[in-house]
Amino acid sequence: MSVAELRELERAYAIPTYMRNPVQFVRGEGATLWDAEGNEYLDFLAGISVLNVGHCHPRVVAAIQEQATRLMHVSNLYYTEPVMLLSKALSDSSLRGKVFFANSGAEANEAAIKLARRAKPGGEIVVLRDAFHGRTYGALSATPQEAKQAPFAPLVPGFVPVAKEPDALAAAVGPQTAAILLEPIQGEGGVLPLSDELLIAARELCDQVGAALIFDEVQTGMGRTGTLWAYEQTPVVPDALTTAKALGGGLPIGALITGPRLADVFEPGDHASTFAGGPVICAAALVALEICSDPELLASVVALGERFAAALEELPFVTSVRGRGLLVGAELVPGVSAVELARRALSEERLVINATGPSSLRMEPPLIVTEAEIDDAVARIGRLVS
Ligand SMILES: *Cc1c(COP(=O)(O)O)cnc(C)c1O
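The shown structure was predicted, so the numbers you read here are calculated from the model rather than taken from an experiment.

Here we come to the pairing of strand E13 (residues 318-324). Successive residues of a regular strand alternate their side chains across the two faces of the sheet. Examined bridge by bridge, E13 and strand E14 (residues 327-332) share 6 bridges and lie antiparallel to one another. Bridge pairing in E14 links Arg 322 to Gly 329. Where E13 folds back onto E14 in an antiparallel hairpin, the turn is made up of 2 residues, including Gly 325, whose phi is positive at roughly 60°.

What follows is the structure, given as structure tokens:
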């Protein structure tokens, strides 16, 4: 089918929640995508940091194929091996507590919010300006953005948005606080790293009032920033973290991972999900986690991220570059629209990137990207503005 025909079907049958670009992708491999006409694209968005292992990683594909021919689903009323192996692998590689699986980032955050309230009944959840935690009601209530929240009021009560300053945080946190929920680097907000000072204040405040410090690593996790988890490069350790996007190597899965203190807060019956932790997706995630944990890959993410940031900074229309590892945001000079640039990158240079705001670009290539591909992407962006 042509893009025009797909657009007709969309107009008639798809609830119009998405602004799709006029391209139909039919195949992917590594950091490369192909459209239906056979044109080749360089993918520097990776499905919004889902394809950290690259498109159709052969080991992930093999794990899916192998598991899919044997058993696809039985429900969480019974045991299967992949879900327990993945629970252990995630715990061992992070906070050394226990794991609850969900099907998305928003759902992982729902589990985290419920856990915090279960630990401190009726407690408030403190969240930060520019945060994004997802679109379901709890996660949306934790996302203090007027445009996203206002049409859907009333929201879930008990969420307290605060400015990203230690003093503001201190004023908002008290004995009534069940959790501070934050992204160590705000992804959808425009690749905005939080300061060490703010993170230390959050840690200290949580310790003082017996609240849980919860990191939303849905976007920063799975090696994106050059360590398996972004918290490893901060001066604090959270009490729990959530992850999703890249965890399934391309398939949908989310997880709440606790440290020891919160590991046994939930009791049987407190929370559940029919599909979560199914054998196919957990088999895929076990492989994705192993690939993303490789110290050589993580070192290369750091080096490639530095190379990428340095090259972007050389572009005359880039004023600053933010982020860590291969989570990269570029701020553009006034007069250059990031939205327009991302659109033209796709149509004129066959480079997939994205705008998080009117003047900021976001780039998140697969972690297996090469130096040559990084240089190529920068050259393609550079050609768009002359
Ligand atoms: C994408 C994202 C979410 C939401 O994940 P979904 O899978 O779309 O529900 C939550 N938090 C952060 C930080 C994200 O980047």
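Let us now look at the site of the ligand. Close to the ligand lie Ser 104, Gly 105, Ala 106, Asn 109, Phe 132, His 133, Gly 134, Glu 183, Asp 216, Val 218, Gln 219 and Lys 245, which account for all nearby residues. Between the ligand and Gly 105, the relevant distance is 2.8 Å, taken from an oxygen atom to a main-chain nitrogen or oxygen of the residue. In this structure, Phe 132 approaches the ligand through a main-chain N or O atom, which is 3.3 Å from a nitrogen atom. For the ligand, whose accessible area on its own is 390 Å², the fraction buried by protein is 80%. By residue number, the principal contributor to the shell around the ligand is helix H5 (residues 105-119), which donates 3 residues. Counted by class, the shell around the ligand contains 3 nonpolar, 6 polar and 3 charged residues.

This paragraph deals with the layout of surface pockets. Unfilled space is identified by rolling a water-sized probe across the atoms. Of the pockets and cavities examined, the second largest pocket occupies roughly 940 Å³. Forming the boundary of the second largest pocket are 35 residues, of which Asn 76, Met 84, Val 99, Phe 100 and His 271 lie nearest the centre. Counting residues per element, the ones that place at least two in the lining of the second largest pocket are helix H4 (81-92), strand E4 (99-102) and strand E12 (254-258). Here the lining of the second largest pocket is composed, by residue class, of 19 nonpolar, 12 polar and 4 charged.

Strand pairing in a sheet relies on backbone hydrogen bonds. The paired strands run either parallel or antiparallel. An order of E4-E12-E11-E10-E7-E5-E6 is seen for the 7 strands of this open sheet, with the pairing classed as mixed. Every other strand in the sheet has two partners, leaving E4 and strand E6 (159-162) as the edge strands with one partner each. Ignoring strand direction, the axes of neighbouring strands in this sheet form an average angle of 20°. Where strand E5 (residues 124-128) and strand E7 (residues 177-182) come together, 3 bridges link them in parallel fashion. Residue pairing for E7: Glu 124 is matched across the bridge by Thr 177. Relative to the sheet, H4 contacts E4 and E12, its axis offset from that of E4 by approximately 120°. Against the sheet, H5 contacts E4, E5, E6, E7, strand E10 (212-216), strand E11 (240-243) and E12, and its axis sits at roughly 30° relative to E12.

The subject of this paragraph is the packing of aromatic side chains. In this structure the tally under the stated criterion is 2 aromatic pairs. Judged by centre distance (5.0 Å) and plane angle (90°), the rings of Phe 25 and Tyr 41 are edge-to-face. Taken together, the positions of Phe 25 in strand E1 (residues 25-29) and Tyr 41 in strand E3 (residues 40-43) put the pair 16 residues apart, joining distant regions of the chain. Taken together, a centroid distance of 5.5 Å and an interplanar angle of 85° make the contact between Phe 44 and Phe 308 edge-to-face. Here Phe 308 lies in helix H11 (residues 295-314) and Phe 44 lies in the loop between E3 and helix H2 (46-49), a separation of 264 residues in the sequence. Taken individually, Phe 44 and Phe 308 each receive the classification buried, so the pair is uniform in this respect. Positioned above the aromatic ring of Trp 34 is the side chain of Arg 27, whose terminal nitrogen or guanidinium carbon lies 3.9 Å from the ring centre. Looking at Arg 350, its charged tip hangs above the ring of Tyr 41, at a distance of 6.0 Å from the centre.

Parameters and conventions
- Residues numbered from 1 in each chain as written.
- Predicted model: local features only at pLDDT ≥ 70, side-chain atom pairs only at ≥ 80, totals over all residues.
- Heavy atoms only, no water.
- Pairing = 2+ DSSP bridges.
- Helix = DSSP H or I, 4+ residues; strand = E, 2+ residues; numbered from the N terminus.
- Near = heavy atom within 4 Å.
- Polar contact = N/O pair within 3.5 Å; in protein donor to acceptor, adjacent residues only side chain to side chain.
- Areas by Shrake-Rupley, 256 points an atom, 1.4 Å probe, with all protein chains shown as cover.
- Nonpolar A, V, L, I, M, F, W, Y, C, P; charged D, E, K, R; others polar.
- 1 Å grid on protein atoms, 1.4 Å probe; cavity = no way out; pocket = protein on both sides within 12 Å on 5 of 7 lines; lining within 4 Å.
- Points joined across faces, edges and corners; volume = space filled by probe spheres on them.
- Axes fitted to C-alpha atoms, helices over the stretch in contact; angles between N-to-C directions.
- Contact = heavy atoms within 4.5 Å.
- Phe/Tyr/Trp six-rings, centres within 6.5 Å; stacked < 30°, edge-to-face > 60°.
- Buried < 20%, exposed > 50% of the residue type's maximum accessible area, 1.4 Å probe, protein only.
- Lys NZ or Arg CZ within 6 Å of the ring centre and 35° of its normal.

All we've got here are geometric facts, nothing functional implied.
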